[in-house]
Amino acid sequence: MILLAEFGNSDELNLGQDVIAIGNPLGFDLMNTVTGGIVSGLNRQITINEKSMTLIQTDTAINSGNSGGPLINKKGQVIGINSSKMSASYSETSIEGIGFAIPSNEAARIVKDIMEFGYVTGKPQLGISCQDITEDISRMYNLPVGVYITAVAEDSAAEKAGLQSGDIITKINDEEVTSYDELASKKNAHKAGDSIELTYVRNGAEDKVTVILDEAVAVQN
């Protein structure tokens, strides 16, 4: 018999609500371990691998191997997908009981997109290949620190906006960017169809352009 998990509505979560996490901490020797706790925070803005996410905070024990497992309410509904925990130490005090989960409403949308389209819809795309201009490169070649465009994809958002190979992106929405990772992080805070303003330098002259982000249907910049 195959049992299908039912998604709950993560927008209806309340602080202090009882939850349990299921996963395989430390490998399959401890598979299907269940730990319990409460919802200790909502709408936490956390950056993981340079990607900003809005997550559920819980004191339920989430260990290595729990990531990807369900966070479940008392009705047996999945209200989150366990993603990470804080384990760093500050001064002499260790952090315990701070874990995070992707809200079920977001996870359900991702699952639906993958099943229907084969990819997650709404992801923004510029359509450029690029390399960083570090401070060392900047001093060596008298170029501004930023993101150097090495190629622009045909019919991409960047090409439609008039960006060209050789342009150096220095700001997005008036916020400085010193690397592609910074540019991607700020870009990914938007959705396909959103407009962003890029400041760039071409032949020594600074200019601005509005770019309407495309939807990424594959792994592209």
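About the criteria used
- Residues numbered from 1 in each chain as written.
- Predicted model: local features only at pLDDT ≥ 70, side-chain atom pairs only at ≥ 80, totals over all residues.
- Heavy atoms only, no water.
- Helix = DSSP H or I, 4+ residues; strand = E, 2+ residues; numbered from the N terminus.
- Buried < 20%, exposed > 50% of the residue type's maximum accessible area, 1.4 Å probe, protein only.
- Contact = heavy atoms within 4.5 Å.
- Areas by Shrake-Rupley, 256 points an atom, 1.4 Å probe, with all protein chains shown as cover.
- pLDDT = per-residue confidence, 0-100.
- Arc of directions from axis to C-beta.
- Salt bridge = Lys/Arg side-chain N within 4 Å of Asp/Glu carboxyl O.
- Pairing = 2+ DSSP bridges.
- Core = buried A, V, L, I, M, F, W, Y, C linked by side-chain atoms within 4.5 Å.
- 1 Å grid on protein atoms, 1.4 Å probe; cavity = no way out; pocket = protein on both sides within 12 Å on 5 of 7 lines; lining within 4 Å.
- Points joined across faces, edges and corners; volume = space filled by probe spheres on them.
- Nonpolar A, V, L, I, M, F, W, Y, C, P; charged D, E, K, R; others polar.

**Here we look at the overall build of the chain**
Inference 1: Secondary structure summary: the chain contains four helices and 16 strands in total.
Inference 2: Classification of the 221 residues of the chain by burial places 33% in the buried group.
Inference 3: A separation threshold of at least 6 residues defines the contact pool for the chain, and within that pool the share at least 24 residues apart is 50%.
Inference 4: For the chain, the computed accessible surface area is about 13,200 Å², with 50% contributed by carbon and sulfur atoms.

**Points about the confidence of the model for the chain**
In low-pLDDT regions, the fine details of the predicted coordinates are not to be read closely.
Inference 1: On average, residues of the chain score 83 in pLDDT, and 81% of them reach the 70 mark or higher.
Inference 2: Per-element averaging of pLDDT across the chain places strand 6 (residues 89-90) at the bottom with 42 and strand 12 (residues 168-172) at the top with 97.

**A closer look at helix 4 (residues 180-187)**
Inference 1: Those residues of helix 4 not exposed but buried are Tyr180, Leu183, Ala184 and Lys187. Taken down its axis, helix 4 places every buried residue within 95° of arc, on the same side.
Inference 2: Elements that come into contact with the buried residues of helix 4 comprise strand 9 (124-125), strand 10 (128-133), strand 11 (146-152), strand 12 and strand 14 (195-202).

**Some words on the pattern of salt bridges**
Inference 1: By the definition in use, this model includes five salt bridges.
Inference 2: Close ionic contact of Arg139 with Asp136 constitutes a salt bridge, the shortest N to O distance being 2.5 Å. Remark: Asp136 and Arg139 occur in helix 2 (residues 135-141); sequence separation between them is three residues, near one turn of the helix. Per residue, the accessibility class of Arg139 equals that of Asp136, and both read exposed.
Inference 3: For Lys208, the salt bridge identified is with Glu197, shortest N-O distance 3.9 Å. With Lys208 in strand 15 (residues 205-212) and Glu197 in strand 14, this residue pair connects regions lying 11 residues apart in the sequence.
Inference 4: In this structure Lys208 comes out as partly exposed when scored by relative accessible area, which is 42%.
Inference 5: Because the salt bridges share partners, they merge into one network encompassing Asp174, Glu197 and Lys208.

**As for the pairing of strand 15**
Inference 1: With eight bridges connecting them, strand 14 and strand 15 associate as antiparallel partners. Each residue of the ladder has a partner; that of Ser195, found in strand 15, is Ile212.
Inference 2: Count of turn residues in the strand 14/strand 15 antiparallel hairpin: two residues, of which Asn203 carries a positive phi of about 55°.

**A few points about the nonpolar core**
Inference 1: Counting 19 residues, the largest nonpolar core has Leu126, Leu163, Ile169, Leu183, Leu198 and Val211 as its most contacted members.
Inference 2: Within the residue set of this core, elements represented by two or more residues are strand 11, helix 3 (157-161), strand 12, helix 4, strand 14 and strand 15.
Inference 3: Leave out the neighbours within four places in its chain, and Ile169 touches Ile128, Gly146, Val147, Ile149, Val177, Leu183, Leu198, Thr199 and Tyr200.
Inference 4: Judged by nonpolar contacts, the second largest core, of eight residues, contains Val19, Val39, Ile56 and Leu71.

**A closer look at the pairing of strand 12**
Inference 1: By the criterion of burial, strand 12 is predominantly enclosed, with four of the five residues buried.
Inference 2: With two bridges joining them, strand 11 and strand 12 adopt antiparallel strand pairing. Bridge pairing links Val147 to Ile169 in strand 12.
Inference 3: With two bridges joining them, strand 12 and strand 13 (residues 175-176) adopt antiparallel strand pairing. Its bridge partner lying in strand 13, Lys171 is registered against Glu176.

**Overview of the layout of surface pockets**
Inference 1: In this structure, the second largest pocket encloses a volume near 150 Å³.
Inference 2: The class makeup of the residues in the lining of the second largest pocket is two nonpolar, five polar and four charged.

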